[in-house]
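# Observations on the model geometry
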Amino acid sequence: ATRITEIDEAITRRVFGYDSVDDYYRNASSFRRLEHVAAPLLLVSAADDPVSSRWAPFEEVRQNRQVLLAYTEHGGHLGWQDDVDVQRSRWVEEVVAAFFGSVCRHLPEID
């Protein structure tokens, strides 16, 4: 196997009794709990993440105004490395800092 999904299909989903690898991923994912989020939450995901396989909880995010999804074309799995310095992730650092700054400025207004 060269992909995580191939391993999960061949072993994981079978060991735990799932009909498909997609059923296993759906059950294991925290996206099912997004409707219960009651405080500001930032999700950061990339289309080229080999673990999430171009999937993100778009509809679930749209249904909860406390949840914001930053979805990028590139970033890998926890990557977003800078072009100039691959040891840094300035983009994700700046997005997270801006999110927390906004949350802190609007604390009295948050439901």
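Here's what I pulled together on the structure shown here.

Cut-offs used in this document
- Residues numbered from 1 in each chain as written.
- Predicted model: local features only at pLDDT ≥ 70, side-chain atom pairs only at ≥ 80, totals over all residues.
- Heavy atoms only, no water.
- Phe/Tyr/Trp six-rings, centres within 6.5 Å; stacked < 30°, edge-to-face > 60°.
- Helix = DSSP H or I, 4+ residues; strand = E, 2+ residues; numbered from the N terminus.
- Buried < 20%, exposed > 50% of the residue type's maximum accessible area, 1.4 Å probe, protein only.
- Core = buried A, V, L, I, M, F, W, Y, C linked by side-chain atoms within 4.5 Å.
- Contact = heavy atoms within 4.5 Å.

A few words on the packing of aromatic side chains. One pass over the structure, following the stated rule, counts four aromatic pairs. Their ring planes at 80° and their centres at 4.9 Å tell us that Phe58 and Tyr71 sit as a pair that is edge-to-face. Here Phe58, found in helix H3 (residues 58-62), pairs with Tyr71, found in strand S2 (residues 67-72); they are 13 residues apart in sequence, far enough to count as distant. According to the relative accessible area criterion, Phe58 is partly exposed, its value standing at 33%. Classification of Tyr71 by relative accessible area gives partly exposed; the value is 28%. Aromatic ring contacts, followed pair by pair, group Tyr18, Tyr24 and Tyr25 into a single cluster.

The biggest cluster of nonpolar side chains holds six residues, and these are Phe31, Leu34, Ala56, Val61, Val67 and Leu69. Ignoring sequence-local partners within four residues, the contact set of Ala56 consists of Leu69 and Tyr71.

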